[in-house]
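Observations on the model geometry
For reference, the chains in residue letters:
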Amino acid sequence: VIAFFQPKLLAGQQVLVTAGPTYEAIDPVRGITNLSSGKMGFAIARAAREAGAQVTLVAGPVSLPTPRGVTRVNVKSAQDMLEAVMQHAPIATIFVATAAVADWRPASAADHKIKKDGTGQCPQMGFVENPDILAGVARSPRGQSGALFCVGFAAESHDLLAHAQAKRARKGVPLLVGNIGPATFGQDDNALLLVDEHGTREMPRAPKLALARQLIAEVARRTRAAA
Ligand code: CTP
Ligand code: CA
């Protein structure tokens, strides 16, 4: 019998993960969402749990099974997601934001299904910007002190490195993980570019779970060094 023991790199850590898209209602039957599958975030939640952490996964509408041992909180809108994150952030020690949060929501959602009026006139819709969940958490006192280590994600269609570096600074996070999207949406593979204060590290194309495990090892190294 070969017994092997996985090192519990995140024992004692409380990991909070956001994943999937958000859904912003237009009326009771329609809304705005995006093509995020949630696979990367779910893989990270699973890898964090395997590494011995207590894990809370705040998930937008996706049809994925909950990783074993992970506490899942289902949300729809960005505002719901913010509320769930704010509830769990005070006890979290690591926050990984993989969710593709809708940047805007309709300024007001109709109470009733919007009907065609028969004249060919289209409804006019105004938008308001959603709260930036990651930036809010990262700029909180626990985010700033490093008591809560924050990791951001960025899917970019071009100029990945430049955008990832700029986003890292703008969000105020120590670690920003870039990937080229939307080609990876829904895929089981991904390739990542880690950007921190020292520079960059590429994680070549691999299954999302393998990348998630590597990323968790990187996060563990950084949070241990900080402790
Ligand atoms: N994020 C968030 N709340 C938002 C928007 C983004 O928490 N309202 C998080 C995402 O989960 C991700 C990171 O911020 O970890 C970057 O998201 P991204 O959409 O790439 O950045 P934005 O600031 O929205 O910029 P843009 O979409 O214009 O590139
Ligand atoms: Ca965005």
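Residues numbered from 1 in each chain as written. Chains lettered and ligands numbered in written order. Predicted model: local features only at pLDDT ≥ 70, side-chain atom pairs only at ≥ 80, totals over all residues.

**Some words on the overall build of the chain**
For clarity, the threshold we go by: Counting from the N terminus, the helices are the DSSP runs of H or I reaching at least four residues and the strands are the DSSP runs of E reaching at least two. Here the globule rule reads 2.2 Å times residues to the power 0.38, and the radius of gyration is calculated from C-alpha atoms. Any pair of residues counts as being in contact when their C-beta atoms, constructed from backbone geometry, are within 7 Å of one another.
Looking only at helices and strands, the chain has 6 helices and 12 strands in total. Taken over C-alpha atoms, the radius of gyration comes to 19 Å for the chain, in line with the 17 Å a tight globule of 227 residues would show. With the C-alpha coordinates aligned to their principal axes, the bounding extent of the chain is approximately 70 × 40 × 35 Å. When contacts within the chain are restricted to residue pairs at least 6 apart in sequence, long-range pairs at least 24 apart make up 63% of them.

**As for the sheet that holds strand β1 (residues 14-19)**
Put simply, the rule reads: Here the rule is simple: two strands pair whenever DSSP picks up at least two bridges between them. All axes here are fitted lines through C-alpha atoms, helices being fitted over the stretch that makes contact, and every angle between N-to-C directions spans 0 to 180 degrees.
A sheet is described by the order of its strands in space; here 8 strands give the open sequence β5-β4-β1-β6-β9-β10-β11-β12, paired in mixed fashion. The open sheet terminates on both sides in strands that have one partner only, identified here as β5 (71-74) and β12 (200-207). Strand after strand, the sheet turns through a mean of 20 degrees between neighbouring axes, direction not considered. The sheet contact formed by strand β11 (residues 189-195) and β12 spans 6 bridges and is antiparallel. Along β12, the bridge assignment pairs Asn190 with Ala206. Across the sheet, helix α1 (residues 39-50) touches β1, β4 (54-59), β6 (94-97) and β11, and the angle it forms with β1 is around 165 degrees. Docked against the sheet, helix α5 (residues 160-171) engages β9 (149-156), β10 (175-180), β11 and β12, running at close to 145 degrees with respect to β9.

**Details of the site of ligand 1**
Which entries qualify depends on this criterion: For each residue, a C-beta atom is placed from the backbone, and the residue counts as near a molecule or strand when that atom lies within 6 Å of it. Residues were grouped as follows: Ala, Val, Leu, Ile, Met, Phe, Trp, Tyr, Cys and Pro as nonpolar; Asp, Glu, Lys and Arg as charged; and all remaining residues, including Gly, as polar.
Around ligand 1 lies a shell of 16 residues, among which Ala97, Val101, Ile133, Leu134 and Gly152 are the nearest. For the shell around ligand 1, the secondary-structure elements that each account for two or more residues are α3 (133-138), β9 and α5. Top contributing element to the shell around ligand 1 by residue count: β9, with 3 residues. Its residues assigned to classes, the shell around ligand 1 comprises 9 nonpolar, 3 polar and 4 charged.

**Let's talk about the nonpolar core**
Rule in force here: A set of buried residues drawn from Ala, Val, Leu, Ile, Met, Phe, Trp, Tyr and Cys, joined through C-beta atoms within 7 Å, is what defines a nonpolar core. Partly exposed residues are those falling between the two cut-offs: more than 12 but fewer than 20 other C-beta atoms within 10 Å of their own, whereas 20 or more means buried and 12 or fewer means exposed, with C-beta atoms placed from the backbone.
Val15, Val17, Ile44, Ala48, Met81, Phe95 and Ile216 are the most contacted members of the largest nonpolar core, which has 58 residues in total. Looking at which element gives the most residues to this core, the answer is α1, with 7 residues. Apart from the residues lying within four places of it in its own chain, the contact partners of Met81 are Thr18, Thr22, Val58, Gly60, Val75, Ala99, Val101 and Ile133.

**Describing the confidence of the model for the chain**
Rules: The quantity known as pLDDT measures the predictor's confidence residue by residue, on a range of 0 to 100.
A residue-level look at the chain finds 95% of positions with pLDDT of 70 or above and a mean pLDDT of 94. Note on the complex model: pTM 0.95, ipTM 0.99.

**Points about α1**
Applied cut-off: Multiply 1.5 Å by the residue count of a helix minus one, and that product is the helix's expected span.
Counted at 1.5 Å a residue, the expected span for α1 with its 12 residues is 16 Å, and the 16 Å between its end C-alpha atoms agrees. Most of α1 sits out of view: 12 of its 12 residues are buried. Burial in α1 covers these residues: Lys39, Met40, Gly41, Phe42, Ala43, Ile44, Ala45, Arg46, Ala47, Ala48, Arg49 and Glu50. At the C-terminal side of α1, Gly52 shows a positive phi close to 95 degrees.

**Observations concerning the UniProt feature "binding site: CTP" (unreviewed entry) in the chain**
We count it as follows: UniProt positions are given in the numbering used here, feature names are shortened, and annotations may be inferred rather than shown by experiment.
Within this structure's numbering, the places UniProt gives as "binding site: CTP" (unreviewed entry) are Asp103, Lys113, Pro131, Asp132, Ile133, Leu134, Phe153, Lys167 and Lys171. Spatial dispersion of the annotated residues is evident: they stretch over 69 residues in sequence, and the largest pairwise C-alpha distance comes to 37.8 Å. Topologically, Lys113 is positioned in the loop between β7 (104-106) and β8 (127-129). On the basis of neighbour count, Lys113 is assigned to the exposed category, with 10 C-beta atoms found within 10 Å. What Lys113 contacts, discounting residues up to four positions off in sequence, is Asp27, Pro28 and Val29. Mapped onto the secondary structure, Phe153 falls in strand β9. A residue is classified by how many C-beta atoms lie within 10 Å of it, and Phe153, with 26 of them, is buried. Each residue touching Phe153, except ones within four places of it in the same chain, is listed here: Ala97, Thr98 and Val177.

**Looking at the pairing of β9**
For the record, the criterion: The handedness of a crossover follows from its direction of travel: if, with the strands pointing away from the viewer, the path from the first strand over the helix to the second runs clockwise, the crossover is right-handed.
Among the 8 residues in β9, 6 count as buried, and that is most of the element. The pairing of β6 with β9 spans 4 bridges and is parallel. Directly across from Ile94, in β9, lies its bridge partner Phe149. Pairing between β9 and β10: 6 bridges, direction parallel. Residue pairing in the sheet places Ala154 in a bridge with Gly178 of β10. Remark: the β9/α5/β10 crossover connection has right-handed handedness.

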